[in-house]
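The chain contents come next:
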Amino acid sequence: GTTLATSAAEKGRYFGTAVAANKLSDSTYVGILNREFNMVTPENEMKWDATEPSQGQFNYTSADRIVSHAQANGMRIRGHALAWHSQQPGWAQNLSGSALRSAMVNHVTQVATHYRGKIHSWDVVNEAFADGGSGARRDSNLQRTGNDWIEVAFRTARTADPGAKLCYNDYNTDGQNAKSNAVYAMVSDFKARGVPIDCVGFQSHFNSASPVPSDYQANLQRFANLGLDVQITELDIEGSGTAQATSYANVTKACLAVSRCTGISVWGIRDTDSWRASGTPLLFDGNGNKKAAYTATLDALNGG
Ligand code: G3I
């Protein structure tokens, strides 16, 4: 293929990007989006603070703009994220216990129902495990409602949109470590008990302090061996030139080597679109030109 999307499709994968609704009026941005990608993840627009700014008052305006653009251009959609400790509206931050649990269940139901039939994969729960060596759940208001909040979110999402793949998504789980081992144990338990889960998302935010792990492919494979899909969901790699390009190629090759790695999404289009305040972690420079990292990714998709 000659684009990320067509080359990935030839390998039975998708290639996606995070999209910000307020950039859909930027013709350079939209030109690259429409040419190169066939999956979009709303970068912020489907989060709790955006979709339910007041309790029970839902606002889908910005998210719907992205969904409409995707549908009009034959792209699929990764929903992000139904239940997360971060980017909660103020009213939810101030809830606890059964009131918060009920609000979370209602939120999952309402948002997943609004988008029923339109979402390829949902990040049902995002970033619920602690960093470091503890293997513990992350402390949060949601966690304090009871350890079963994650499976409740998944069962609720399945009921609301039975056609969407339901994913658990996290960062620093890209190699085998205490955090990914804890996620692995949870997913194993969910599969054993019939809690509906279809995929695990590996965010894959890499930098010099946290490079692509040497056991990245093996880690993807051990999750796939549990009988679900794996996806690379928020890929960005700090750096430049050949080193960055090689890292992108290695990530791409790892996904292609795992039959149940169904797609790769980068977390933005141009370096200037990145959530990272400075740096050059993406595939296109600020002018929209292809970087060495782009060419290496495309070549890897094409088996080069
Ligand atoms: O929209 C407001 C704007 O009105 C206001 O003037 C401005 C001033 O700060 O803030 C704007 O909101 C910002 C929003 O991005 C949109 O640009 C928030 O402050 C800012 O916190 C928010 O950052 C997002 C971040 O998640 C929040 O946690 C990033 O764009 C987004 O890329 C990032 O994405 C996360 C994934 O959801 C989960 N995994 C990690 C990833 C990177 O942090």
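Not measured: the values here are computed from a predicted model. Every chain is numbered independently, its residues counted from 1 as its sequence is written. The predicted nature of this model means local features are confined to residues of pLDDT at least 70 and side-chain atom pairs, given and counted, to a pLDDT of 80 or more, with totals for whole chains, interfaces and linings taken over all residues. Side-chain descriptors were evaluated using all non-hydrogen atoms of the structure, hydrogens and water having been removed beforehand.

Let us now look at the overall build of the protein. Secondary structure counts use DSSP, requiring at least four H or I residues in a row for a helix and at least two E residues in a row for a strand, with both numbered from the N terminus. On a plain count of helices and strands, the protein comes out with eleven helices and nine strands. This radius of gyration counts C-alpha atoms alone. The globule rule is 2.2 Å times how many residues there are, raised to the power 0.38. A globule of 304 residues ought to have a C-alpha radius of gyration of about 19 Å, and the protein, at 18 Å, matches this closely. Dimensions of the protein, computed from C-alpha atoms along their principal axes, come out at roughly 50 × 40 × 35 Å. Within the span of the protein, comprising 304 residues, buried residues form 56% of the whole. Burial classes follow relative accessibility: with a 1.4 Å probe on protein chains only, a residue under 20% of its type's maximum area counts as buried, one over 50% as exposed, and anything between as partly exposed.

All right, on to the side chain of Thr 145 then. Structurally, Thr 145 can be placed in the loop between strand 4 (121-126) and helix 7 (149-160). A distance of 2.6 Å separates the side chain of Thr 145 from the backbone oxygen of Leu 142, its partner in a polar contact. Residues are treated as being in contact if the distance between any of their heavy atoms lies within 4.5 Å. Discounting residues that sit within four places of it in the chain, Thr 145 has contacts with Gly 97, Leu 100 and Arg 101. Within 3.5 Å is the distance limit for a polar contact, defined as a pair of N or O atoms, with the added protein rule that one can donate a hydrogen and the other accept it, and that residues adjacent in sequence qualify only through two side-chain atoms.

What follows deals with the site of the ligand. The nearness test applies per residue and asks whether one of its heavy atoms lies within 4 Å of the molecule or strand. In the vicinity of the ligand, 13 residues are found, and the nearest of them are Glu 43, Lys 47, His 80, Glu 127 and Glu 234. Interatomic distance of 3.0 Å between a side-chain N/O atom of Gln 203 and a nitrogen atom of the ligand. Contacts to the ligand include Trp 267, whose side-chain N or O atom sits 2.9 Å from an oxygen atom. Calculation of accessible area relied on Shrake-Rupley with a 1.4 Å probe; when residues are assessed, cover is drawn exclusively from the protein chains displayed. When the ligand is considered free in solution it has 790 Å² of accessible area, and contact with the protein chains removes 44% of it. Taken together, the residues of the shell around the ligand sort by class into three nonpolar, six polar and four charged. Polar here means any residue outside two lists: the nonpolar Ala, Val, Leu, Ile, Met, Phe, Trp, Tyr, Cys and Pro, and the charged Asp, Glu, Lys and Arg; Gly therefore counts as polar.

All right, on to the packing of aromatic side chains then. Stacked, edge-to-face and tilted are the three classes for Phe, Tyr and Trp ring pairs, Trp counted by its six-membered ring, which pair at centre distances within 6.5 Å; planes under 30 degrees apart are stacked, over 60 edge-to-face, the rest tilted. All chains considered together, the criterion is met by ten aromatic pairs. Taking 5.6 Å as the distance between ring centres and 90° as the angle between the ring planes, the aromatic pair formed by Tyr 60 and Tyr 115 counts as edge-to-face. You can see Tyr 60 sitting in the loop between helix 3 (48-51) and helix 4 (61-72) and its partner Tyr 115 sitting in the loop between helix 6 (97-114) and strand 4, a full 55 residues away along the chain. Both residues of the pair, Tyr 60 and Tyr 115, belong to the buried class. Through a chain of ring-to-ring contacts, three or more aromatic side chains come together here, namely Phe 58, Tyr 60 and Tyr 115. The criterion for a charge sitting over a ring is simple: Lys NZ or Arg CZ within 6 Å of the ring centre, and within 35 degrees of the ring normal. Sitting over the face of the ring of Tyr 171, Lys 179 holds its NZ or CZ atom 3.7 Å from the ring centroid. When the ring centre of Tyr 184 is taken as origin, the NZ or CZ atom of Arg 222, which lies over that ring, is 4.8 Å away.

Here we take up the UniProt feature "active site" (unreviewed entry) in the protein. Using the residue numbers shown here, the UniProt feature "active site" (unreviewed entry) corresponds to Glu 234. Along the chain, Glu 234 turns up in strand 8 (residues 229-237). Filtering out sequence-adjacent residues up to four positions away, Glu 234 remains in contact with His 80, Asn 169, Phe 202, Gln 203, Ser 204, His 205, Ser 265, Val 266 and Trp 267. UniProt positions are given in the numbering used here, feature names are shortened, and annotations may be inferred rather than shown by experiment.

With that settled, consider the environment of Thr 28. Along the chain, Thr 28 falls in helix 2 (residues 27-36). We classify Thr 28 as partly exposed; its relative accessible area is 36%. Separated by 260 residues in the primary sequence, Thr 28 and Gly 288 have C-alpha atoms spaced 6.7 Å apart. With residues near it in sequence (within four places) discarded, Thr 28 still touches Arg 270, Asn 287 and Gly 288.

Here strand 2 (residues 39-42) shows two buried faces, one formed by Met 39 and Thr 41 and the other by Val 40 and Pro 42. Traced from strand 1 (residues 14-19) through helix 2 to strand 2, the parallel crossover comes out right-handed. At least two DSSP bridges between two strands are needed for those strands to be called paired. Looking at chain direction, strand 2 and strand 3 (residues 76-84) are connected through two bridges and run parallel. In the sheet register, Val 40 faces strand 3, and the bridge partner there is Ile 77. Look down the strands so they point away from you; if going from the first strand over the helix to the second traces a clockwise path, that crossover is right-handed.

We now examine the pattern of salt bridges. By definition here, a salt bridge exists when the distance from a side-chain nitrogen of Lys or Arg to a carboxyl oxygen of Asp or Glu is within 4 Å. Across all of its chains, the model carries 17 salt bridges by this definition. Glu 151 is paired through a salt bridge with Arg 155; the nearest N and O atoms lie 3.9 Å apart. Linking Glu 151 with Arg 155, this pair stays in helix 7, spanning four residues, or about one helical turn. Residue class for Arg 155 comes out partly exposed when judged on its relative accessible area of 37%. Two residues, Asp 170 and Lys 179, come together in a salt bridge whose shortest N-O distance is 3.3 Å. Overall, the relative accessible area of 2% leaves Lys 179 in the buried class. A cluster of three or more residues bridged by salt bridges with shared partners is formed by Lys 23, Asp 26, Arg 270 and Asp 273.

Further remarks concern the state of the cysteines. In this description, a disulfide is simply a cysteine sulfur pair whose atoms lie within 2.5 Å. Summed over all chains, the structure comprises two disulfides. Bridging Cys 167 to Cys 199, the disulfide has an S-S length of 2.0 Å. On the S-S bond that ties Cys 167 to Cys 199, the torsion sits near -80°, and the link is left-handed. Of this pair, Cys 167 sits in strand 5 (residues 165-170) while Cys 199 is found in strand 6 (residues 199-202), placing the two residues 32 residues apart along the sequence. A relative accessible area of 0% means that Cys 167 is categorised as buried. Judged by its relative accessible area of 0%, Cys 199 falls in the buried class. Each disulfide pairs two cysteine sulfurs, and for Cys 255 the partner residue is Cys 261, the sulfurs being separated by 2.0 Å. Taking the sign of the S-S torsion, -100° for the link of Cys 255 and Cys 261, the bridge is left-handed. Note on accessibility: Cys 255 and Cys 261 belong to one class, buried.

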